[in-house]
Amino acid sequence: MKLLAGQTAVITGAASPRGLGKATAMLFAQHGAHIAILDLRQEDAAAAAADLEGDGHVALACDVTDKADCENVAAELIATLGEVNILVNNAGITQPLKIMDIAPQDYDAVLDVNLRGTLNMSQALIPHFRANGSGSIVNMSSVSAQRGGGIFGGPHYSAAKAGILGLTKAMARELAPDGVRANAICPGFIDTDITAGKLTPDMRKDVLAGIPMGRAGTAQDVAGCCLFLASDLSAYVTGSEVDVNGGSLIH
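Bear in mind the structure is a predicted one, so any value in this text is a computation, not a measurement.

Participant: Just to check I follow, could you spell out the side chain of Thr 192 for this structure?
Facilitator: Considering the arrangement of structural elements, one finds Thr 192 in the loop between strand 7 (190-191) and helix 7 (201-209). Judged by its relative accessible area of 8%, Thr 192 is buried.

Here it is, written out as structure tokens:
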């Protein structure tokens, strides 16, 4: 059964080969969706789109920190694809800084991409969703938002991802009467390009000791949750934050 047959999904920051966005795009395509991959470099987005199952996928350059860029890309996608049904706000960056090491430019960079980028892309597509009377927005937060820090992200990263949780709930409340849902995912320790090579064997052992399931997550683990929230399987789910962390938050 293809859960997204005939649907179109926009996924930001989805060009990284081992990233959450790319894994989500691949799973969505397997379930029949047409995918629009957005990333900073069009050539990177195009390379990712070429790996997807099926036809009709598109790739565009988009800087999510630029509101006008998001609006222009959204207009182009609607003109090209006719209708957009799903938005996954996946674009994000992190910095492993301590509280006193966060410079103004560090704060601006992390908050702009993670939090402002989520708002910008959502604002660009919400009028379209409202006009259609339907739409699913999936925002990428983090266990770092819930527990005040993770493995790599500094306090400003925790703040940005916590902001995404508040934004998601407020969006869900405001948009529900229009038939538009908004939910957030909180990944824990996931094996991606961001984490690759950053941990010594001892550090990795310590991290895994704090995960009841005893393993790192995969990008596919997160993609599966995105699929649930994007599809009609979650038709009565909005304003939620779903943990994908192997139980680390309860440990």
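Participant: Would you mind going over the pattern of salt bridges with me for this structure?
Facilitator: Pairing is possible between side chains of opposite charge, provided their charged atoms come close. The tally for this structure, following the rule as stated, stands at 10 salt bridges. Its salt-bridge partner being Arg 41, residue Asp 44 comes within 2.8 Å of it at the nearest N-O pair. By relative accessible area, which is 32% here, Asp 44 ends up partly exposed. Here Glu 241 makes a salt bridge to Lys 169, at a shortest N to O gap of 3.3 Å.

Participant: Hey, could you run me through the packing of helix 4 (residues 104-132) against helix 6 (residues 155-175) in this one?
Facilitator: Closest axis-to-axis distance for the helix 4/helix 6 pair is 9 Å, and the angle between their directions is 15°. In terms of their interaxial angle, helix 4 and helix 6 are classed as roughly parallel. The handedness of the crossing between helix 4 and helix 6 is right-handed. Between helix 4, through Asp 106, Tyr 107, Val 110, Leu 111, Asn 114, Leu 115, Thr 118, Leu 119, Ser 122, Ile 126 and Arg 130, and helix 6, the contact on the second element is made entirely by His 156, Tyr 157, Ala 160, Lys 161, Gly 163, Ile 164, Leu 167, Met 171, Glu 174 and Leu 175. Tallied by class, residues from the contact of helix 4 with helix 6 come to 12 nonpolar, 5 polar and 4 charged.

Participant: I'm lost on the pairing of strand 1 (residues 8-12) in this one. Help?
Facilitator: A regular strand places its side chains so that they alternate between the two faces of the sheet. In terms of burial, strand 1 is largely enclosed, as 5 of its 5 residues are buried. Judged by which residues are buried, strand 1 turns out to be covered on both faces: Thr 8, Val 10 and Thr 12 on one side and Ala 9 and Ile 11 on the other are all buried. Inspection of the sheet shows strand 1 paired to strand 2 (residues 34-39) by 5 bridges, in the parallel sense. Following the sheet pairing, Thr 12 is matched in strand 2 by Leu 38. For the crossover that starts at strand 1, traverses helix 1 (residues 20-30) and ends in the parallel strand 2, the hand is right-handed. Sheet topology note: the strand 1/strand 4 (residues 86-89) ladder contains 3 bridges and is parallel. Paired with Ile 11 across the strands is Val 88, a residue of strand 4.

Procedures and definitions
Residues numbered from 1 in each chain as written. Predicted model: local features only at pLDDT ≥ 70, side-chain atom pairs only at ≥ 80, totals over all residues. Heavy atoms only, no water. Helix = DSSP H or I, 4+ residues; strand = E, 2+ residues; numbered from the N terminus. Buried < 20%, exposed > 50% of the residue type's maximum accessible area, 1.4 Å probe, protein only. Salt bridge = Lys/Arg side-chain N within 4 Å of Asp/Glu carboxyl O. Axes fitted to C-alpha atoms, helices over the stretch in contact; angles between N-to-C directions. Parallel < 35°, antiparallel > 145°, perpendicular 65-115°, else oblique. Left-handed = near helix turned anticlockwise from the far one by under 90°. Contact = heavy atoms within 4.5 Å. Nonpolar A, V, L, I, M, F, W, Y, C, P; charged D, E, K, R; others polar. Pairing = 2+ DSSP bridges. Right-handed = clockwise from strand over helix to strand, strands pointing away.

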